[in-house]
Amino acid sequence: MDDIEILNSTKLELELMIPGESHTICNALRKILMEDEEIDYTVYGIDHPLIGEPKITIKAKRTKNPKKALLKASNQLKEESEEFKKLIESI
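What counts, and where the lines are drawn
Residues numbered from 1 in each chain as written. Predicted model: local features only at pLDDT ≥ 70, side-chain atom pairs only at ≥ 80, totals over all residues. Heavy atoms only, no water. UniProt positions renumbered as here; feature names shortened; annotations may be inferred. Helix = DSSP H or I, 4+ residues; strand = E, 2+ residues; numbered from the N terminus. Buried < 20%, exposed > 50% of the residue type's maximum accessible area, 1.4 Å probe, protein only. Polar contact = N/O pair within 3.5 Å; in protein donor to acceptor, adjacent residues only side chain to side chain. Contact = heavy atoms within 4.5 Å.

### Topic: the UniProt feature "domain: DNA-directed RNA polymerase RBP11-like dimerisation" (unreviewed entry) in the protein
Here is step 1: When the UniProt feature table is mapped onto this chain numbering, "domain: DNA-directed RNA polymerase RBP11-like dimerisation" (unreviewed entry) sits at residues 14-86.
Here is step 2: Regarding residues 14-86, the helix share stands at 45% and the strand share at 26%, and the terminal C-alpha atoms are separated by 33 Å.

### A word on the side chain of Asp36
Here is step 1: Tracing the sequence through the fold places Asp36 in the loop between α1 (23-34) and β3 (39-46).
Here is step 2: For Asp36, a relative accessible area of 14% puts it in the buried group.
Here is step 3: In this structure the side chain of Asp36 is engaged in a polar contact, spanning 3.5 Å, whose partner is the side chain of Lys64.
Here is step 4: What Asp36 contacts, discounting residues up to four positions off in sequence, is Lys64 and Ala69.

What follows is the structure, given as structure tokens:
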């Protein structure tokens, strides 16, 4: 993965590009973020299926910091991935 590029960052909204990633990571993060009651919405898009880079937008409610929400979601995704890996290894 290349460096994440912050395209826009305000108190309640964060837009970033994640070079080198695909729908897999973006959709997993989006799903976890949408389970957070303090997040209004999370969307992502990839402009071109072969050469496009994913852009994610996170909009928080009044009391939540979108960067902290993204960090929390990333940690949760990492934990869930490690659990899944252990299940596969036990087969």
